[in-house]
Amino acid sequence: QVQLVESGGGLAQAGGSLRLSCAASGSIFSIDIMGWYRQVPGKQREVVAVIINGVTRHYADFVEGRFTIFRDGAKNMVTLEMSNLTPEDTAIYYCNVYGRTDSSSYARTFWGQGTQVTVSS
């Protein structure tokens, strides 16, 4: 199995910054995509940012240049640097990994337990 351990998050003021990190461990053969999603109670989980094969980055429209995602491939870690936060960024943020546990397996999705980000006005 694959375990995702998230760190960071917490409380920030509007205009402030936070960093989220996620470390993947366990039976990892390869990772194709690492990313961050977020969810507000009563709403669907939505993508925030993903990084594909450690190179190509995609961001949700609402990011508007405020966040940066990067991956440390050697450590199987993904980090989301968030700046210029607004109260609308308040949500539970989830780490997401799409990868394989061995050479013969299909790629599948794994989720972290989530970390709360709260932005006060």
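Here, every reference points to the structure presented above.
What comes next is a walk through the structure. Being a predicted model, the structure only gives us computed values, none of them experimental.

**Describing the overall build of the protein**
Here's step 1: Counting its regular elements, the protein contains zero helices and 11 strands.
Here's step 2: Each helix and strand of the protein, ordered N terminal to C terminal, gives the series β-β-β-β-β-β-β-β-β-β-β.
Here's step 3: Against the globule reference of 14 Å for 121 residues, the protein gives a C-alpha radius of gyration of 14 Å, in line with a compact fold.
Here's step 4: Seen along its three principal axes, the alpha-carbon backbone of the protein occupies a region of about 50 × 25 × 20 Å.

**Let's talk about the sheet that holds strand β1 (residues 2-8)**
Here's step 1: Strand order in the open sheet made by the four strands is β1-β3-β8-β7, with antiparallel pairing throughout. Looking at the sheet topology across the chains shown, the edges are occupied by β1 and β7 (67-72). Each strand of the sheet is rotated relative to its neighbour by a mean of 15 degrees, with strand direction disregarded.

**A closer look at the nonpolar core**
Here's step 1: By size, the foremost hydrophobic cluster in this structure holds 28 residues, and its most contacted members are L4, W36, V48, V78, L80, M82 and Y93.
Here's step 2: When residues of this core are traced back to their parent elements, those giving at least two are β1, β3 (18-26), β4 (30-39), β5 (46-52), β7, β8 (77-82), β9 (91-100) and β11 (115-120).

**Comments concerning the side chain of T79**
Here's step 1: Assignment of secondary structure puts T79 in strand β8.
Here's step 2: In terms of polar contacts, T79 uses its side chain to reach the side chain of S21, at 3.4 Å.
Here's step 3: Those residues in contact with T79, other than ones at most four positions away along the chain, are R19, L20, S21, W36, T68, I69 and F70.

**Some thoughts on the state of the cysteines**
Here's step 1: Applying the stated criterion to the full structure yields one disulfide.
Here's step 2: Residue C22 pairs covalently with C95 via a disulfide, S to S 2.1 Å. What sets the handedness of the C22 and C95 disulfide is the S-S torsion sign, and at about -80 degrees it is left-handed. With C22 in strand β3 and C95 in strand β9, this pair connects stretches of sequence that are 73 residues apart. Taken individually, C22 and C95 each receive the classification buried, so the pair is uniform in this respect.

**Some details on the environment of N84**
Here's step 1: The topology assignment puts N84 in the loop between β8 and β9.
Here's step 2: Sequence separation between N84 and S17 is 67 residues; the distance between their C-alpha atoms is 6.2 Å.
Here's step 3: Discounting chain neighbours no more than four positions away, the residues touching N84 are G15, G16, S17, R66 and D89.

**Notes on the side chain of D89**
Here's step 1: Within the secondary structure, D89 is located in the loop between β8 and β9.
Here's step 2: Given the relative accessible area of 1%, D89 is considered buried.

**Some thoughts on the packing of aromatic side chains**
Aromatic ring pairs: the centre-centre distance and the angle between the two ring planes describe each pair.
Here's step 1: The final tally for this structure, using the stated rule, is two aromatic pairs.
Here's step 2: Between the aromatic rings of Y37 and W111, the centroid separation amounts to 5.0 Å while the plane-to-plane angle is 75 degrees, which identifies the pairing as edge-to-face. Taken together, the residues Y37 in strand β4 and W111 in strand β10 (residues 108-111) connect sequence positions 74 residues apart.
Here's step 3: Relative to W111, the ring of Y94 lies with its centre 6.4 Å away and its plane at 90 degrees, an arrangement referred to as edge-to-face. Residue Y94 is found in strand β9, and its partner W111 is found in strand β10; the two are separated by 17 residues along the sequence.

About the thresholds
- Residue numbers restart at each chain and count upward from 1, following the sequence in its written direction.
- Since the coordinates come from a predicted model, pLDDT governs what is reported: local features require at least 70, and pairs of side-chain atoms require 80 or more to be given and counted, while whole-chain, interface and lining totals use all residues.
- With hydrogens and water excluded, all non-hydrogen atoms of the structure serve as input to the side-chain values.
- In this text, helices come from DSSP runs of H or I with a minimum length of four residues, and strands from runs of E with a minimum of two, each type numbered from the N-terminal end.
- We compute the radius of gyration over the C-alpha atoms and compare it with the globule rule, which gives 2.2 Å times the number of residues raised to the power 0.38.
- Strands are treated as partners if at least two bridges between them are detected by DSSP.
- Throughout, an axis means a line fitted to C-alpha atoms (over the contacting stretch in the case of helices), and angles, computed between N-to-C directions, take values from 0 to 180 degrees.
- Only buried Ala, Val, Leu, Ile, Met, Phe, Trp, Tyr and Cys residues count toward a nonpolar core, and they belong to the same one when joined by side-chain atoms within 4.5 Å.
- Exposure classes here rest on a 1.4 Å probe applied to the protein chains alone. A residue is buried below 20% of its type maximum, exposed above 50%, and partly exposed in between.
- For this analysis, a polar contact is any N or O atom pair within 3.5 Å, provided that within protein one partner can donate a hydrogen and the other can accept it, and provided that sequence-adjacent residues contribute only side-chain to side-chain pairs.
- In what follows, residue pairs with any heavy atoms lying within 4.5 Å of each other are defined as contacts.
- By definition, disulfides here are pairs of cysteine sulfur atoms that lie within 2.5 Å.
- Here is the rule: rings of Phe, Tyr and Trp (six-membered ring for Trp) pair when centre to centre is within 6.5 Å. Planes less than 30 degrees apart are stacked, more than 60 are edge-to-face, and the remainder are tilted.

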